[in-house]
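# Structural characterization, general
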Amino acid sequence: LHPPWGYSKDIGPDTWHKNYPFAKGDNQSPVELNTDAIHQDPILLPWFTSYDPGASKTLLNNGKTCKVVFDDTFDRSVLRGGPLPGIYRLRQLHFHWGSTDNQGSEHIVDGARYAAELHLVHWYSKYSNYAEALRQNDGVTVVAVFLEVNTKGLFSIFSQGKEIPFQKFDPSILFPKSRGYWTYYGSFTTPPFEECVTWILLREPIIVSADQMTKLRSLSCKAANEPHCPLVDNCRPPQPLNYRMVRASIQ
Ligand SMILES: NS(=O)(=O)N=C1NCCCN1
Ligand SMILES: [Zn+2]
């Protein structure tokens, strides 16, 4: 059962805990990052991806975000290294963005909100499937890129439910030059908020044109036959860091 949730006042972040009890856990995401308090950890290794462009399947507006879904039936598009214990399979990527350029990201860096935040969701392929991985505290890793993203091809997914083929797409083109990252243990930022995520936040943002943001902001959170309702500010407020440490890679 998936009770309705969203980002509007009536079903927004302050109501989510009623139907999704994990929302009040001690290891929730996103968090505010205070870079003065972040510990540089020399043993953090570089991370590597090997993404197969043929694995990208569709681009979808599901009314909550715009996402690209990948074939994750075998180790086809994978991430390894960094803080990770093994090989993680890319399952989907999606965005969170604001109604204006000074908000929209979920993680906040020294008080700064970016216009958008890209999440690449991967699951540990030693587990038999994604649902099993969600039940493990090392089951998932999300690579977050602070960016105003290049959104070619969004034109045809204006309304919720619209899905178009999206083949031959290699998401590593969305990575910044520098591979430096912050990492901490947390949760999904949308229901049901499982605390199964090793977050890898790339320190260098990607900058793209304002008109690309306009395209993201023109998506609707309603189906084609309903009045347009702008899909914007689909970001969860920051949650308590509690006793967690955020670590930084050296380079
Ligand atoms: N914004 S997030 O933390 O990636 N949240 C997710 N929820 C379920 C599907 C994958 N991602
Ligand atoms: Zn996300």
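Below: a short report on this structure. (Residues numbered from 1 in each chain as written. Chains lettered and ligands numbered in written order. Predicted model: local features only at pLDDT ≥ 70, side-chain atom pairs only at ≥ 80, totals over all residues. Heavy atoms only, no water.)

So, on to the coordination of the zinc ion (ligand 2). Distances from the zinc ion (ligand 2) to its protein donors, His 94 (NE2), His 96 (NE2) and His 119 (ND1), fall within 2.0 Å. For the zinc ion (ligand 2), the 4 donor atoms are set out with angles of 99 to 115° between them, so the coordination reads as tetrahedral. Of note, the donors binding the zinc ion (ligand 2) are all from one chain and are spaced H-x1-H-x22-H. With His 96 in strand E7 (residues 88–97) and His 119 in strand E9 (residues 116–124), this residue pair connects regions lying 23 residues apart in the sequence. Across the pair, exposure class does not vary: His 96 and His 119 are buried alike. (Donors = N, O, S within 2.8 Å, 3.2 Å for Na, K, Ca; no water. Tetrahedral: all angles 85-135°; square planar, octahedral: opposite > 155°, others 65-115°. Helix = DSSP H or I, 4+ residues; strand = E, 2+ residues; numbered from the N terminus. Buried < 20%, exposed > 50% of the residue type's maximum accessible area, 1.4 Å probe, protein only.)

Here we come to the environment of Ile 43. Note on placement: Ile 43 falls in the loop between strand E2 (39–40) and strand E3 (47–50). Judged by its relative accessible area of 64%, Ile 43 is exposed.

A word on unusual backbone geometry. As a rule of thumb, non-glycine residues mostly have phi less than zero, and peptide bonds are mostly trans rather than cis. Cis geometry marks the peptide bond from Ser 29 to Pro 30; its omega dihedral reads 0°. Take Pro 30: it is sitting in the loop between helix H1 (16–19) and strand E1 (32–33). A positive phi angle, close to 55°, is found at Lys 168, a residue other than glycine. For Lys 168, a relative accessible area of 66% corresponds to the exposed category. Although it is not a glycine, Asp 233 adopts a positive phi angle of roughly 55°. Secondary-structure assignment places Asp 233 in the loop between helix H3 (210–217) and strand E14 (247–248). Residue classification places Asp 233 among the partly exposed residues on the basis of a relative accessible area of 24%.

Chemically, a disulfide is nothing more than a covalent bond linking the sulfur atoms of two cysteines. Across all of its chains, the model carries 1 disulfide by this definition. Between the sulfur atoms of Cys 221 and its disulfide mate Cys 229 the distance is 1.8 Å. Its relative accessible area of 24% is what places Cys 221 among the partly exposed residues. A disulfide-free cysteine, Cys 235 has its sulfur positioned 14 Å from the sulfur of Cys 221, the nearest such atom. The exposure class of Cys 235 is buried, given its relative accessible area of 18%. (Disulfide = S-S within 2.5 Å.)

What follows concerns the nonpolar core. If you look at the biggest cluster of nonpolar residues, it comprises 59 residues, and the most contacted ones within it are Trp 97, Leu 120, Val 140, Val 145, Trp 182 and Phe 188. With 7 residues, the single largest contributor to this core is strand E10 (residues 140–147). (Core = buried A, V, L, I, M, F, W, Y, C linked by side-chain atoms within 4.5 Å.)

What follows is about the pattern of salt bridges. Note on pairing: side chains with opposite charge can pair once their charged atoms come close. One pass over the full model with this rule turns up 9 salt bridges. Its salt-bridge partner being Asp 75, residue Arg 89 comes within 2.6 Å of it at the nearest N-O pair. Taken together, the residues Arg 89 in strand E7 and Asp 75 in the loop between strand E5 (66–70) and strand E6 (78–81) connect sequence positions 14 residues apart. Of the charged contacts, one joins Glu 132 and Arg 135 as a salt bridge, the two residues approaching to 2.8 Å between their closest N and O atoms. Note on Arg 135: relative accessible area 60%, which makes it exposed. When salt bridges with common partners are traced through the structure, they connect Asp 52, Asp 71 and Arg 76 into a single cluster. (Salt bridge = Lys/Arg side-chain N within 4 Å of Asp/Glu carboxyl O.)

Here the focus is the pairing of E6. Taken residue by residue, a regular strand's side chains alternate between the two faces of the sheet. Across 4 bridges, the pairing between E3 and E6 is antiparallel. Its bridge partner being in E6, Phe 48 is matched across the sheet by Arg 80. The antiparallel hairpin formed by E6 and E7 contains 6 residues in its connecting segment, where Gly 82 sits at a positive phi of about 55°. (Pairing = 2+ DSSP bridges.)

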